[in-house]
Amino acid sequence: MKMLFVSLMSICLLINYAVSAIPKPEEKRVLDDPLSHAQHYQNDEHNKQYDHEAFLGEDAKTFDQLEANESRRRLGLIVDKIDGDSDGFVNLSELKAWIQYTQRRYIDDDVNRQWKTHNSNNTEKVHWDTYRKNVYGFLDELASHETDHPSDEHFSYRAMMKRDRRRWSIADRDGDDELTREEFTDFLHPEESSHMRDVVVTETIEDIDKDGDGKVSVEEYIGDMYRQGEPDEEEPDWVKHERETFTNFRDKNKDGFMNNQEVKDWITPADFDHAEAEARHLIYEADSDADEKLTKDEIIEKYDLFVGSQATDFGEALTRHDEF
């Protein structure tokens, strides 16, 4: 297959723009754990990285570089911010509000950055043609070098653009092919908008459904989270548990597959509040006197649960403030 020339600028554009707008097959289901890119439990083991990212948001990366004492000091300053009524305790509602704030800030920062990139003239809307040129314009250059046998990479980029185009059209509520900032937010983060949920379900099925039959089998479900090594390798216990979960809970009509509605129930569970669940988990883990609220000392004592050291995501926001 003939190699195609792709400019460095085109590659950079793809990395900077397309990646954030399109969920890839390797990514964890976008609505399953929206508070963190990490899984809360890996191989039945509690993963503190999930708690770090849920508590600190996108800023946790800076904490990776901090020494333990500095990590504790900055955590103490964060606790003062979380304690909204300044009563010396962090209760469930305060901790939940903080987690929601960190997640919202990440989305706002991402939208602000990309809005400026694609709206250089500072207008009220961004047209699809502008976005397409910025993100996928290099495909036009590829087409001019195309042969009768385009590369797999080229097909992949075309598929990404097609998916973006569909999502754009759904986010475009008034159908003018231009997105307001609010519509652009829905496009970039469809998991945050109720009217975008169906396209997230569609994309999830497309990612997992390897045989293209429009539904998810148990093998496809498992394959999305586990890659077997040797053919005769025994599956870990957590994988066996996931198989049971698929059969007993995911596949509600017991036909051996998850259909569209069953996938929707999986990735958007009704009446489940991720921020509150995480806040309850953190209080449970750190509440040494079982009074269902946390003092600063209790939080700092468990600093490795909240922010860690050499392993986290809330640092950027902290370094924005002189008080740190």
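A quick note: this is a predicted structure, and the numbers were derived from the prediction, not measured.

### Observations regarding the overall build of the protein
- Looking only at helices and strands, one finds 17 helices and six strands in the protein.
- Each of the 324 residues in the protein was classed as buried or not, and the buried ones make up 43%.

### Overview of the UniProt feature "domain: EF-hand" (unreviewed entry) in the protein
- Feature annotation in UniProt assigns "domain: EF-hand" (unreviewed entry) to the following positions: residues 70–105, 159–194 and 196–231.
- The span residues 70–105 is 75% helical and 0% strand by assignment, and the distance between its end C-alpha atoms comes to 23 Å.
- For residues 196–231, the end-to-end C-alpha separation is 39 Å, with 50% helix and 6% strand making up the annotated structure.

### A look at the environment of Glu94
- Within the fold, Glu94 resides in helix 5 (residues 92–118).
- Residue Glu94 is classed as buried on the basis of its relative accessible area of 11%.
- Distance from Glu94 to Lys293, taken between C-alpha atoms, is 9.8 Å for residues 199 residues apart in sequence.
- Sequence-distant contacts of Glu94, defined by excluding residues within four places in its chain, comprise Ile82, Asp83, Gly84, Asp85 and Phe89.
- Reaching out from Glu94, the side chain makes a polar contact with the backbone nitrogen of Asp85 at a distance of 3.4 Å.

### What to know about the packing of helix 5 against helix 9 (residues 181–188)
- Viewed as axis vectors pointing N to C, helix 5 and helix 9 meet at an angle of 115°, and their least axial separation amounts to 10 Å. Judged by the angle between their axes, helix 5 and helix 9 are roughly perpendicular. The interaxial crossing formed by helix 5 with helix 9 has right-handed handedness. Residues Arg104, Ile107, Asp108, Asp110, Val111, Asn112, Gln114, Trp115 and His118 of helix 5 form the contact with helix 9, whose participating residues are Arg181, Phe184, Thr185 and Leu188.
- Across the contact of helix 5 with helix 9, the residue classes tally to five nonpolar, four polar and four charged.

### Some details on the confidence of the model for the protein
- Counting all residues, the mean pLDDT for the protein is 79, and 71% of those residues have values of 70 or more.
- Note on residues 1–28: pLDDT under 50 across the span, and 64 contacts to partners over four residues away in sequence or across chains.
- Within the model, pLDDT remains below 50 along residues 309–324, and this stretch shows 66 contacts once partners closer than five positions in the same chain are excluded.

### Topic: the side chain of Thr245
- Examined against the element boundaries, Thr245 turns out to sit in helix 12 (residues 237–250).
- Take Thr245: its relative accessible area is 12%, and that puts it in the buried class.
- Apart from the residues lying within four places of it in its own chain, the contact partners of Thr245 are Tyr221 and Arg250.

### What to know about helix 4 (residues 68–82)
- Relative to the 21 Å expected for 15 residues at 1.5 Å per residue, helix 4 spans 21 Å between its end C-alpha atoms, a close match to the ideal helical length.
- Taken together, the buried positions of helix 4 are occupied by Ser71, Arg74, Leu75, Gly76, Ile78, Val79 and Ile82.

### Some thoughts on the nonpolar core
- Grouped together as the largest cluster of nonpolar side chains are 37 residues, with contacts concentrated most on Tyr131, Trp168, Phe184 and Phe187.
- Listed in part, the 19 residues of the second largest apolar core include Leu75, Val90, Ala275 and Leu294.

### Regarding the packing of aromatic side chains
- In the structure shown here, the tally under the stated rule is 14 aromatic pairs.
- When the ring of Trp128 is compared with that of Trp168, the centres are 5.4 Å apart and the planes differ by 65°; the resulting orientation is edge-to-face. Pair noted here: Trp128 is in helix 6 (residues 128–136) and Trp168 is in helix 8 (residues 152–171), with a separation of 40 residues, a long-range link.
- On the basis of relative accessibility, which here comes to 0%, the residue Trp168 falls in the buried class.

### Overview of the pattern of salt bridges
- Tallying each qualifying case throughout the model produces 21 salt bridges.
- Among the salt bridges present, the one from Asp273 reaches Lys96, with a minimum N-O distance of 2.9 Å. Residue Asp273 is located in the loop between helix 13 (260–267) and helix 14 (274–286), and its partner Lys96 is located in helix 5; the two are separated by 177 residues in the primary sequence.
- The salt bridge partner of Asp174 is Lys125, with a shortest N-O separation of 3.1 Å. Taken together, the residues Asp174 in the loop between helix 8 and strand 4 (178–179) and Lys125 in the loop between helix 5 and strand 3 (126–127) connect sequence positions 49 residues apart.
- Assessed through its relative accessible area of 48%, Asp174 is described here as partly exposed.

Cut-offs applied
- Residues numbered from 1 in each chain as written.
- Predicted model: local features only at pLDDT ≥ 70, side-chain atom pairs only at ≥ 80, totals over all residues.
- Heavy atoms only, no water.
- Helix = DSSP H or I, 4+ residues; strand = E, 2+ residues; numbered from the N terminus.
- Buried < 20%, exposed > 50% of the residue type's maximum accessible area, 1.4 Å probe, protein only.
- UniProt positions renumbered as here; feature names shortened; annotations may be inferred.
- Contact = heavy atoms within 4.5 Å.
- Polar contact = N/O pair within 3.5 Å; in protein donor to acceptor, adjacent residues only side chain to side chain.
- Axes fitted to C-alpha atoms, helices over the stretch in contact; angles between N-to-C directions.
- Parallel < 35°, antiparallel > 145°, perpendicular 65-115°, else oblique.
- Left-handed = near helix turned anticlockwise from the far one by under 90°.
- Nonpolar A, V, L, I, M, F, W, Y, C, P; charged D, E, K, R; others polar.
- pLDDT = per-residue confidence, 0-100.
- Expected span 1.5 Å × (residues − 1).
- Core = buried A, V, L, I, M, F, W, Y, C linked by side-chain atoms within 4.5 Å.
- Phe/Tyr/Trp six-rings, centres within 6.5 Å; stacked < 30°, edge-to-face > 60°.
- Salt bridge = Lys/Arg side-chain N within 4 Å of Asp/Glu carboxyl O.

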